[in-house]
Amino acid sequence: MFGSEDGYLYVVNATTGDPMPGWPQPVDIKGDTPSAIESSPTLAYVNGRSKPPVILIGAGSTYAADQQGGLMAFDESGQVKFRFHTNDVFNEWSGRGRPDGYDEGVFATPVVGDITGDGQQDIVFGSWDHRLYALTPRGRLVPGCPMDTEDTIWSSAALFHVRGPHRQVDIFVGGDASG
């Protein structure tokens, strides 16, 4: 699996290099135009091991201007499970502080783990809109999220249990704070 600046997510047979049935698919956050991809995809069993896996991919680019950012989830056949929109807080290509009509990009690789301790796998990722997100397997915000980190997030999060309920993992993410 890999994403490309052409805005498509590719899933290929590792032996032959041929596209798997239903692939490639456009990563079109608004549902109309593919967005360039700088994130790596994640394959995860967000609904449990007895259900098919989901492929998660961040969208957006610092190289290709005027691209919608966010996160998309696909099933193994290439059907869209959900689209998640980040916020439009500034122009990420010019650096100007005003919204420009494009949701900010997600460059980090999404990670999956139980951050609430309820037995459900959550999807965690950072965005250039200064927020750290956690979503349910259906693409809805986990209560208490997003968290404002005060600056852009390039880093992929790591999940590991440190404190709290034993089933619950904590979120670790690198960041930059310019204020």
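For the structure, check the block above.
Here we summarise the structure given alongside this text.

### Here's the deal with the sheet that holds strand β7 (residues 80–85)
Backbone hydrogen bonds hold the strands of a sheet together, and the pairing may be parallel or antiparallel.
Thought 1: On the basis of which strands lie adjacent, the open sheet formed by four strands has the order β4-β5-β6-β7 and antiparallel pairing. Where the open sheet ends on each side, the last strands, each with one partner, are β4 (42–44) and β7. Neighbour-to-neighbour, the strand axes of this sheet turn through a mean angle of 20 degrees, independent of strand direction.
Thought 2: Relative to β7, strand β6 (residues 70–75) runs antiparallel, the two being bridged by five bridges. Each residue of the ladder has a partner; that of A73, found in β7, is F82.

### A few points about the packing of aromatic side chains
Thought 1: Scanning all chains against the criterion turns up ten aromatic pairs.
Thought 2: Centroid distance W23 to F74: 5.5 Å. Interplanar angle 65 degrees. Geometry classified as edge-to-face. In this pair, W23 sits in the loop between β2 (8–10) and β3 (25–26) while F74 sits in strand β6, placing the two residues 51 residues apart along the sequence. A single burial state applies to W23 and to F74, both of which are buried.

### Observations regarding the side chain of S61
Thought 1: For S61, the position within the fold is in the loop between β5 (54–59) and β6.
Thought 2: We classify S61 as buried; its relative accessible area is 0%.
Thought 3: One polar contact links S61 to E38, side chain to side chain, over a distance of 2.6 Å.
Thought 4: Each residue touching S61, except ones within four places of it in the same chain, is listed here: E5, A36, E38, E92, W93 and F107.

### Quick look at the environment of P24
Thought 1: Considering the arrangement of structural elements, one finds P24 in the loop between β2 and β3.
Thought 2: Along the chain, P24 and F2 lie 22 residues apart, while their C-alpha atoms are 9.7 Å from each other.
Thought 3: In this structure P24 touches Y8, L9 and Y10, once residues within four positions along its chain are discounted.

### Details of the pattern of salt bridges
Thought 1: Summed over all chains, the structure comprises one salt bridge.
Thought 2: With its nearest N and O atoms 3.0 Å apart, the salt bridge here joins D28 to R83. Of this pair, D28 sits in the loop between β3 and β4 while R83 sits in strand β7, and the two are 55 residues apart along the sequence.
Thought 3: Its relative accessible area of 11% is what places D28 among the buried residues.

### Observations concerning unusual backbone geometry
Thought 1: Residues W23 and P24 are joined by a peptide bond in cis, for which omega reads 5 degrees.
Thought 2: Geometrically, the link from C145 to P146 is a cis peptide bond, its omega value of 5 degrees lying close to zero.
Thought 3: The topology assignment puts P146 in the loop between β10 (131–135) and β11 (147–148).
Thought 4: Unlike most non-glycine residues, H130 shows phi in positive territory, near 80 degrees.
Thought 5: With respect to the helices and strands, the residue H130 is situated in the loop between β9 (122–126) and β10.
Thought 6: Phi at E150 takes a positive value of approximately 75 degrees, unusual for a residue other than glycine.
Thought 7: Here E150 shows up in the loop between β11 and β12 (158–160).
Thought 8: Here E150 falls in the exposed class, since its relative accessible area comes to 58%.

What counts, and at which threshold
- Residues numbered from 1 in each chain as written.
- Predicted model: local features only at pLDDT ≥ 70, side-chain atom pairs only at ≥ 80, totals over all residues.
- Heavy atoms only, no water.
- Pairing = 2+ DSSP bridges.
- Helix = DSSP H or I, 4+ residues; strand = E, 2+ residues; numbered from the N terminus.
- Axes fitted to C-alpha atoms, helices over the stretch in contact; angles between N-to-C directions.
- Phe/Tyr/Trp six-rings, centres within 6.5 Å; stacked < 30°, edge-to-face > 60°.
- Buried < 20%, exposed > 50% of the residue type's maximum accessible area, 1.4 Å probe, protein only.
- Polar contact = N/O pair within 3.5 Å; in protein donor to acceptor, adjacent residues only side chain to side chain.
- Contact = heavy atoms within 4.5 Å.
- Salt bridge = Lys/Arg side-chain N within 4 Å of Asp/Glu carboxyl O.

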